[in-house]
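Spelled out, the chains give:
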Amino acid sequence: MKILAGVYEQVVKRNPGEPEFHQAVKEVLESLEPVAEKHPEYVKAGIFDRIVEPERQIIFRVPWVDDNGVVRVNRGFRVQFNSAIGPYKGGIRFHPSVNLGIIKFLGFEQIFKNSLTTLPMGGAKGGSDFDPKGKSDMEIMRFCQSFMLELYRHIGPDTDVPAGDIGVGAREIGYMYGMYKKIRNEFTGVLTGKGIEYGGSLTRPEATGYGLLYFMDEALKAKGKSFEGKTVVISGSGNVAIYATEKAHQLGAKVVALSDSNGYIYDKDGINLDTVKLIKLVQRGRISEYVKYHPTAVYKEGCRGIWTIPCDIALPCATQNELDGNDAATLVKNGCFAVGEGANMPSTPEAIEIFLNNKVIFGPAKAANAGGVATSGLEMTQNSMRLSWTFEEVDSRLKSIMQSIYANVSSAAAEYGAPDNLVMGANIAGFKKVAAAMYAQGIAY
Ligand code: NDP
Ligand code: 2IT
């Protein structure tokens, strides 16, 4: 970095103790250096200095009462990062690791991801350090209601539209939506990922996983390859991992492993997805229980071991920095030729470098997992029209959005002289629209 080095230094100085945020900003600024060279007017207008500073950050107390009558206190966050191209949009994460730096990295990534979808959505993220594991349904409900009792004043269908992420699925969205509706006395599309009976979109639950496969299918096709007959390893066993597995099987691949934060399962015959759905979606259990149903499969403690399983294609779909340089080297050594990021920032910078140096087809998160938020955008469209599209209609729109994301990202990479570097392509293509919008709107934000 030359022109943008000072921007990065300022970010590190101004945001101490936020390594994930620094990591996300560094990758984007490195990719944007040639854009800064080509567009001195953006440098002069402070676009780069402004885009790394959230427009607004909200931190709030979330008190709730557990089943034993004990008062508990968690911390809530909403970071409204950038509204240049549309209302703030992005998920809510409930996980004990959540802190301001994590929410800022996710919100920053969301700016560029949402821009890539071609839909009018700004970037945001929210969440809490609340741990849903082991909580009763009523505790989850009381927490979600308390969270919304503060969040409601900051969001709205044309202001900020939250959705799910780790630890937040249809159940939590329902509880939050119910409380929002009661406070505002307004039935409106303020959250996405809603149940189908009250304004949700068909295909939204499947969208991130399916979209990842549609994106990677395009990337493979461009190199004369496909999913047919390939062995695939997928980390995680939540929303993204489950529907990535489903679409991988539909495209003729065999998924042999899934994981959670405790360990991973390996089924050489191919994962039985009905069993996984029963354990995870119905029973809300752990992935280790899979071997009770399929005794020929094996369970191993420790989630990182999943990357030692030989595969053609790896799809990290759990969490940030779950795949490091050692894991990447092992995957490459075992013949893995493509990696698609379903999670946000799952590969460390060292891992990405190894993939790119070894000509691995690498689909970066902000492009490859954009299908979830794209379909959230389609949910907003249907809410505005007061209409619901069929599964096939939404799925075909999702597929064509993922195909156009691939086309835009690969052509941006080629335009800037790095044709196979989709990391650079995604950062540049995502940035262009946001930068042009910020430039046109003057020094407002
Ligand atoms: P879920 O809560 O449904 O599932 C998360 C999965 O990841 C679980 O298997 C969980 O295991 C595992 N996991 C979470 N944290 C860790 C950790 N610290 N170490 C190891 N494993 C972990 O979330 P999603 O499937 O929705 O999200 C997965 C990833 O995809 C996240 O990075 C999210 O930001 C990203 N994403 C999600 C989108 C969506 O629409 N839902 C859209 C785009 C990206 P355990 O049960 O043990 O915690
Ligand atoms: O990371 C993400 O893109 C999401 N969690 C989905 C956000 C959304 O608004 O659907």
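Our subject is the structure that appears above.
Okay, so let's go over this structure. (Residues numbered from 1 in each chain as written. Chains lettered and ligands numbered in written order. Predicted model: local features only at pLDDT ≥ 70, side-chain atom pairs only at ≥ 80, totals over all residues. Heavy atoms only, no water.)

Relative to the helices and strands, Asn369 resides in the loop between helix H14 (365-368) and helix H15 (371-385). If sequence neighbours within four positions are ignored, Asn369 has contacts with Lys113, Thr208, Glu341, Gly342, Ala343 and Asn344. (Helix = DSSP H or I, 4+ residues; strand = E, 2+ residues; numbered from the N terminus. Contact = heavy atoms within 4.5 Å.)

Attention now moves to the sheet that holds strand E8 (residues 263-266). In space, the 7 strands of this open sheet follow the order E9-E8-E7-E6-E10-E11-E12, with mixed pairing throughout. A strand with exactly one partner marks an edge of an open sheet, and here the two such strands are strand E9 (298-301) and strand E12 (361-363). Between one strand and the next, the sheet's axes are offset by a mean angle of 15°, whatever the strand orientation. The pairing of strand E10 (residues 313-316) with strand E11 (residues 338-340) spans 2 bridges and is parallel. Counted as the bridge partner of Ile313 is Ala338 from E11. Set on the sheet, helix H9 (residues 239-250) makes contact with strand E6 (231-235) and strand E7 (254-259); between it and E7 the angle comes to about 170°. (Pairing = 2+ DSSP bridges. Axes fitted to C-alpha atoms, helices over the stretch in contact; angles between N-to-C directions.)

Our focus in this paragraph is empty space enclosed by the protein. Considering all chains together, one arrives at 3 cavities of 30 Å³ or more under this definition. Estimates place the volume of the largest cavity at around 80 Å³. Lining of the largest cavity is provided by Arg50, Glu55, Asn82, Ser83, Ala84, Met438, Gln441, Gly442, Ala444 and Tyr445. A per-class count over the lining of the largest cavity returns 4 nonpolar, 4 polar and 2 charged. In this model, the second largest cavity occupies a volume close to 70 Å³. Glu27, Glu109, Glu341, Met345, Ser347, Ile352, Phe362, Pro364, Ala365 and Lys366 together form the lining of the second largest cavity. When its residues are assigned to classes, the lining of the second largest cavity shows 5 nonpolar, 1 polar and 4 charged. (1 Å grid on protein atoms, 1.4 Å probe; cavity = no way out; pocket = protein on both sides within 12 Å on 5 of 7 lines; lining within 4 Å. Points joined across faces, edges and corners; volume = space filled by probe spheres on them. Nonpolar A, V, L, I, M, F, W, Y, C, P; charged D, E, K, R; others polar.)

What follows deals with the site of ligand 1. Ligand 1 sits among 25 residues. The nearest are Asp165, Thr208, Ser261, Arg286 and Asn344. Asn239 places a main-chain nitrogen or oxygen 2.9 Å from an oxygen atom of ligand 1. Coverage of ligand 1 by the protein chains reaches 84% of its 890 Å² of free accessible surface. Only helix H8 (204-221) and H9 provide two or more residues apiece to the shell around ligand 1. When grouped by side-chain class, the residues that make up the shell around ligand 1 number 5 nonpolar, 13 polar and 7 charged. (Near = heavy atom within 4 Å. Polar contact = N/O pair within 3.5 Å; in protein donor to acceptor, adjacent residues only side chain to side chain. Areas by Shrake-Rupley, 256 points an atom, 1.4 Å probe, with all protein chains shown as cover.)

So, about the packing of aromatic side chains. Aromatic ring pairs are described here by two measures, namely the spacing of the ring centres and the angle between the planes. All chains considered together, the criterion is met by 21 aromatic pairs. Seen in terms of ring centroids, Phe60 and Phe147 are 5.3 Å apart; in terms of plane orientation they differ by 50°. Their pairing is tilted. Linking Phe60 in strand E1 (residues 56-65) with Phe147 in helix H6 (residues 137-151), this pair joins segments that are 87 residues apart in sequence. Comparing Phe60 with Phe147, the two get one shared label, buried. Residues Phe94 and Phe143 carry aromatic rings whose centres are separated by 5.1 Å and whose planes lie at 90° to one another, so their mutual orientation is edge-to-face. Separated by 49 residues along the polypeptide, Phe94 in strand E3 (residues 88-94) and Phe143 in helix H6 bring together distant segments of the chain. An aromatic cluster of at least three residues, connected via ring pairs, comprises Phe60, Trp64, Phe94, Phe130, Phe143 and Phe147. Between Lys225 and the ring centre of Phe337, over which it is positioned, the NZ or CZ distance is 4.9 Å. (Phe/Tyr/Trp six-rings, centres within 6.5 Å; stacked < 30°, edge-to-face > 60°. Buried < 20%, exposed > 50% of the residue type's maximum accessible area, 1.4 Å probe, protein only. Lys NZ or Arg CZ within 6 Å of the ring centre and 35° of its normal.)

For the structure on display, the rule yields 23 salt bridges. In this structure, Asp66 engages Arg72 in a salt bridge whose closest nitrogen and oxygen atoms are separated by 3.0 Å. Looking at Asp66, the relative accessible area reads 6%, which means it is buried. Judged by its relative accessible area of 35%, Arg72 is partly exposed. Salt bridges sharing common partners tie together Glu27, Glu109 and Lys366. (Salt bridge = Lys/Arg side-chain N within 4 Å of Asp/Glu carboxyl O.)

In spatial order, the strands read E1-E2-E4-E3-E5; together these 5 strands make up an open sheet with mixed pairing. Of all the strands in the sheet, the pair left with one neighbour each is E1 and strand E5 (160-163). Taking each pair of neighbouring strands and ignoring which way they run, the sheet shows an average axis angle of 20°.

This paragraph deals with the pairing of E7. Most of E7 sits inside the fold, with 5 of its 6 residues counted as buried. Sheet topology places E6 next to E7; 3 bridges connect them, and they run parallel. The partner of Val233 across the bridge, within E7, is Ala257. What joins E6 to E7 is H9, and the crossover it makes is right-handed. The pairing of E7 with E8 spans 3 bridges and is antiparallel. Note that in E8 the partner of Leu258 across the bridge is Ile265. Hairpin connection between E7 and E8: a loop of 3 residues separates the two successive antiparallel strands. (Right-handed = clockwise from strand over helix to strand, strands pointing away.)

On the surface, Leu278, Leu281, Val282 and Tyr293 cluster together to form a nonpolar patch covering roughly 360 Å² of accessible area. The greatest single-element share of the nonpolar patch, amounting to 3 residues, is contributed by helix H10 (residues 273-282). Considering the arrangement of structural elements, one finds Val282 in helix H10. (Patch = residues over 30% accessible without salt bridge, like charges linked within 9 Å, V, L, I, M, F, W, Y side chains within 5 Å.)

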